[in-house]
Amino acid sequence: MLSLLLVDPKVFLRLWYETIHFLNKVIFCKDTTSLEAYDYVMRGWQYFSRRTRSANVKAKEMFQEAIELDPDYGNAYWALGLAKLLNATAGWTEFFSQA
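Owing to the predicted nature of the structure, the values given are computational and were not obtained by experimental measurement.

A. Local environment of the nonpolar core. With 17 residues, the main nonpolar core has Val41, Phe48, Phe63, Ala66, Ile67, Tyr73 and Ala76 as its most contacted residues. Counting only elements with at least two residues in this core, the list comes to α2 (35-48), α3 (53-69) and α4 (74-89). Tallying contributions element by element places α4 first for this core, with six residues. Sequence-distant contacts of valine 41, that is, excluding residues within four places in its chain, are made with Phe63, Ala66, Tyr73 and Ala76.

Below you can see the structure in the form of structure tokens.
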């Protein structure tokens, strides 16, 4: 069965922009040398994989903490972007800015 997600064009463009921004961070930045930042990303992926609203909130917190520890850590930006995208596409937020 094919199902279509109808998204406001402005929301779609914003999601697309955020995705490209995070992809650029991943492609053009170094990996982390911070074991603590790496640990936060790994813990974030554990939460993210649960695919629930509350777990996604925790995942975003973990990814954001990794970014604060190492602002050049591309995987943390990538993960945060995916968590925000899931938040928006799953309907867990009314406005994109809250994703």
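B. Layout of the packing of α2 against α4. It is at 10 Å that the axes of α2 and α4 come closest, and there the two elements cross at 20 degrees. Comparing the axis directions of α2 and α4 gives the class roughly parallel. The two elements α2 and α4 cross, and the hand of that crossing is left-handed. Residues Val41, Trp45 and Phe48 of α2 form the contact with α4, whose participating residues are Ala76, Trp78, Ala79, Leu82, Ala83 and Leu86. Taken together, the residues of the contact of α2 with α4 break down into nine nonpolar, no polar and no charged.

C. Highlighting the packing of aromatic side chains. Tallied over the full model, the rule gives two aromatic pairs. Considering the side-chain rings of tryptophan 45 and phenylalanine 48, the 5.3 Å spacing of their centres and the 85 degrees angle between planes classify their relative orientation as edge-to-face. Of this pair, tryptophan 45 and phenylalanine 48 are both found in helix α2, three residues apart, which corresponds to roughly one turn of the helix. Taken together, the ring pairs connect Trp45, Phe48 and Phe63 into an aromatic cluster.

D. Quick look at α3. Under the 1.5 Å per step criterion, the end-to-end length of α3 is 25 Å for 17 residues, consistent within 8% with the ideal 24 Å. Within the span of α3, buried status applies to Ala55, Asn56, Ala59, Lys60, Met62, Phe63, Ala66 and Ile67. Down the axis of α3, the smallest arc covering the buried residues is 160 degrees, so these residues share one side. Turned more than 90 degrees off the buried face of α3, the exposed positions are Ser54 and Glu68. Against α2 and α4 lie the buried residues of α3.

E. Layout of the side chain of asparagine 56. Counting through the fold element by element, asparagine 56 comes out in helix α3. Discounting chain neighbours no more than four positions away, the residues touching asparagine 56 are Phe48, Ala83, Leu86, Asn87 and Trp92.

Criteria and cut-off values
- For every chain, the first residue of the written sequence is number 1, and numbering continues from 1 along that sequence.
- For this predicted model, a pLDDT threshold of at least 70 governs which residues receive local features, and a threshold of 80 or more governs which side-chain atom pairs are given and counted, while totals over whole chains, interfaces and linings are taken from all residues.
- Here the side-chain values reflect all heavy atoms present in the structure, with hydrogen atoms and water set aside.
- Among the buried residues, those of types Ala, Val, Leu, Ile, Met, Phe, Trp, Tyr and Cys that are joined through side-chain atoms within 4.5 Å form a nonpolar core.
- When accessible area is computed with a 1.4 Å probe and restricted to protein chains, residues below 20% of their type maximum are described as buried, those above 50% as exposed, and intermediate ones as partly exposed.
- Numbering of helices and strands starts at the N terminus; helices are DSSP runs of H or I of at least 4 residues and strands are runs of E of at least 2.
- The contact rule is simple, with two residues in contact once any of their heavy atoms fall within 4.5 Å.
- Every axis corresponds to a line fitted to the C-alpha atoms, with the helix fit spanning only the stretch in contact, and the corresponding angles, defined between N-to-C directions, vary from 0 to 180 degrees.
- Each angle is binned into one of four classes, with values under 35 degrees roughly parallel, values over 145 roughly antiparallel, values of 65 to 115 roughly perpendicular, and all other values oblique.
- Left-handed describes a crossing whose near helix is turned anticlockwise from the far helix by less than a right angle; the clockwise case is right-handed.
- When residue character is reported, Ala, Val, Leu, Ile, Met, Phe, Trp, Tyr, Cys and Pro are called nonpolar, Asp, Glu, Lys and Arg charged, and the others, Gly included, polar.
- Only rings of Phe, Tyr and Trp enter the pairing, Trp through its six-membered ring, and a pair is recorded when the two centres are within 6.5 Å. The plane angle decides the type: under 30 degrees is stacked, over 60 is edge-to-face, the rest tilted.
- Here the expected length of a helix is defined as 1.5 Å per residue gap, with one fewer gap than residues.
- Working note: the arc is built from the helix axis to C-beta atom directions.

All we've got here are geometric facts, nothing functional implied.
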